[in-house]
Amino acid sequence: MSADDEAVELCHRLMRMDTSNYGDDSGPGERVAAEYIAELLDEVGLAVEVIEPSPGRTTLITRWEGVDPDRSALLVHAHTDVVPAEPALWSHHPFGGEIADGYLWGRGAVDMKYFAAQVLSVVRARRRSGRPPARDVVLAFLADEENAGRLGARWLVDKRPELFEGCTEAIGEVGGYSATLPTGRRLYLVESAEKGVIWFRLTTAGVAGHASMLNPRNSITELSEVVNRIGRHEFPIRLAPSTRMLFEAVAAELGEVFDPRDPAPLLKAIAPLERMVGAVLRDIASPTRLNAGYKTNVIPSTAGAEIDCRFIPGFEEQFVAELRELAGPDVQCEMIYRDNALETPFDVPLTSAMEASLAAEDPGCGVVPYLLPAGTDAKHFSRLGIACFGFAPLQLPGDFDFPAAFHGVDERVPVESVRFGARVLDTFFDLC
Ligand SMILES: [Zn+2]
């Protein structure tokens with residue numbers, strides 16, 4: 001079986017394994033997928049190290065020796081967990097791995113079992129035919145990405161950093177996929193930056209009392225005003241280097257002038273990716289939880305809300321100051337979670353290798369960096385000084401709504417896209 005055929009087959013099999021991550025250790029865990037992957041690697045003589053910080057929450061690591069042992073290693077990482085799915089809402093069962101209408105349907109199709117399958121199929125084919133990669137490659141199949149890597153990448157970086165010794169660069173999810181411009185040319189977006197994350201808990205304090213009486217200090221009324229103010233606020237445009245490069249490339253392709261004060265109109269050219277890429281022009285603060293009150297005729301003394309904030313790399317301090325100012329002096333504003341932003345320089349030999357391997361399958365295409373509004377395991381690996389990129393190649397049909405597939409109902413990936421990416425990766429391992 002060729003590597004690209006096997007990529008589809010392995011993706012189908014991995015998607016039939018329910019590795020739902022509920023974020024509270026109640027899911028089935030990643031072990032079933034890890035056992036299967038360990039077998040696939042063992043068949044081609046690659047021994048894995050099994051790491052289980054908690055029973056069933058399995059990560060695998062192996063080192064695939066390259067041609068040049070003197071060069072630093074490349075880390076290739078894929079998470080094997082998925083977010084849960086409600087089968088009743090889907091047109092094909094989320095854990096059926098069905099192939100229909102040219103798509104592989106199911107949870108994990110784009111996030112991100114297809115990449116694990118591509119990597120495995122290419123590594124297996126190359127091991128069988130005696131074609132090592134250009135340099136050592138550390139392969140990591142990780143647990144718990146969907147819960148911020150608590151029992152996966154975060155845990156490994158904190159407790160077992162030696163596993164990644166000698167790795168200077170990494171490739172992982174949400175990058176290397178195509179946007180088709182109105183000119184018909186395809187641009188491949190390689191993720192080279194990620195927004196940072198801060199979760200704030202806001203608490204307003206008032207005076208508790210009977211709901212029938214006058215009360216100018218109602219904590220819920222005050223909280224509503226603050227939440228409304230933050231939720232409707234538009235933060236200023238801030239262009240990360242990767243965002244600027246992306247928009248400059250799009251403008252040049254369209255023959256338009258790039259206006260850094262108002263790049264938003266250019267987003268239309270990369271529809272349907274605009275919902276994702278449009279979120280990187282500004283910091284975003286989204287109210288996501290409310291917690292107040294215990295009885296309809298009682299005004300509670302306090303009321304709380306949680307705000308999920310995503311900030312542009314390099315602007316964390318400014319963002320936090322703005323958010324606190326928006327909240328106002330009377331609101332208690334507590335940071336309950338924080339994760340770093342990252343920005344990796346794009347003009348490096350590894351991105352030239354990505355470009356050449358994409359061009360071998362899609363001559364004339366362009367490759368551009370972009371800032372991901374969300375976070376991936378790259379955040380953790382970047383703490384080890386590893387230069388992280390999202391490069392899990394897919395050539396997508398121009399009208400395919402890729403962002404909607406992430407954590408969405410009817411998540412699916414075009415079968416041809418999976419095959420395409422496997423061929424690109426095969427070339428990439430020669431050039432990396
Ligand atoms: Zn993912």
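Residues numbered from 1 in each chain as written. Predicted model: local features only at pLDDT ≥ 70, side-chain atom pairs only at ≥ 80, totals over all residues. Heavy atoms only, no water.

The next subject is the overall build of the protein chain. Scanning the protein chain from N- to C-terminus turns up 12 helices and 19 strands. Against the compact-globule benchmark of 22 Å for 432 residues, the protein chain has a radius of gyration of 23 Å, which places it among compact chains. Here the C-alpha coordinates of the protein chain stretch approximately 80 × 55 × 45 Å along the principal axes. A buried classification covers 56% of the 432 residues belonging to the protein chain. Long-range contacts, defined here as pairs at least 24 residues apart, represent 80% of the contacts in the protein chain between residues at least 6 apart. By element, 50% of the accessible surface of the protein chain is carried by carbon and sulfur atoms, the whole surface being about 17,800 Å². The distance from the centre of the 41 positive side-chain charges to the centre of the 65 negative ones in the protein chain is 3 Å. (Helix = DSSP H or I, 4+ residues; strand = E, 2+ residues; numbered from the N terminus. Rg over C-alpha atoms; globule rule 2.2 N^0.38 Å. Buried < 20%, exposed > 50% of the residue type's maximum accessible area, 1.4 Å probe, protein only. Contact = heavy atoms within 4.5 Å. Areas by Shrake-Rupley, 256 points an atom, 1.4 Å probe, with all protein chains shown as cover. Lys, Arg positive; Asp, Glu negative; His and termini not counted. Charge placed at Lys NZ, Arg CZ, Asp CG, Glu CD.)

The next point concerns the coordination of the zinc ion. Distances from the zinc ion to its protein donors, His-79 (NE2), Asp-111 (OD), Glu-173 (OE) and Glu-173 (OE), fall within 1.8 to 2.7 Å. Considering all four donor atoms around the zinc ion, the spread of angles at the metal, 53 to 153°, places the coordination shape in the irregular class. (Donors = N, O, S within 2.8 Å, 3.2 Å for Na, K, Ca; no water. Tetrahedral: all angles 85-135°; square planar, octahedral: opposite > 155°, others 65-115°.)

Turning next to the domain arrangement of the protein chain. Split into domains, the protein chain comes out as domain 1 (3-183 + 343-431) and domain 2 (193-339). For domain 1 versus domain 2, the distance between C-alpha centres works out to 30 Å. Across the boundary between the two partners, domain 1 contributes 30 residues, which contact 30 residues of domain 2. Overall, the association of domain 1 and domain 2 removes approximately 2,500 Å² of surface from exposure, summing both partners, and the carbon and sulfur fraction of that is 65%. Considering only the surface of domain 1 that becomes buried against domain 2, Glu-343, Leu-371 and Pro-373 emerge as the three largest contributors, covering 29% of it. The interface formed by domain 1 and domain 2 includes two salt bridges. It is strand 17 (residues 366-372) that provides the largest number of residues to the side of domain 1 that touches domain 2, a total of five residues. Partitioning the side of domain 1 that touches domain 2 into residue classes produces 18 nonpolar, seven polar and five charged. (Domains from an automatic or database assignment. Buried area = accessible area lost by both parts, 1.4 Å probe. Salt bridge = Lys/Arg side-chain N within 4 Å of Asp/Glu carboxyl O. Nonpolar A, V, L, I, M, F, W, Y, C, P; charged D, E, K, R; others polar.)

This next bit is on the pattern of salt bridges. A side chain of one charge can pair with a side chain of the opposite charge if their charged atoms are brought near each other. Per the stated rule, a full pass over the model turns up 32 salt bridges. Taking the shortest distance from any N to any O, the salt bridge between Glu-49 and Arg-160 comes out at 2.9 Å. Here Glu-49, found in strand 1 (residues 49-51), pairs with Arg-160, found in the loop between helix 4 (153-159) and strand 7 (167-172); they are 111 residues apart in sequence, far enough to count as distant. Notably, a salt bridge pairs Arg-419 with Glu-416, separated by 3.2 Å at the nearest N-O pair.

Attention shifts here to the sheet that holds strand 10 (residues 196-205). Pairing in this open sheet of four strands is antiparallel, and the strands run 12-14-10-15 from one edge to the other. Every interior strand has two partners, whereas the edge strands, strand 12 (284-292) and strand 15 (332-339), have only one. In this sheet, neighbouring strand axes are inclined to one another by 20° on average, regardless of whether the strands run parallel or antiparallel. Note: strand 10 against strand 15, seven bridges, orientation antiparallel. (Pairing = 2+ DSSP bridges. Axes fitted to C-alpha atoms, helices over the stretch in contact; angles between N-to-C directions.)

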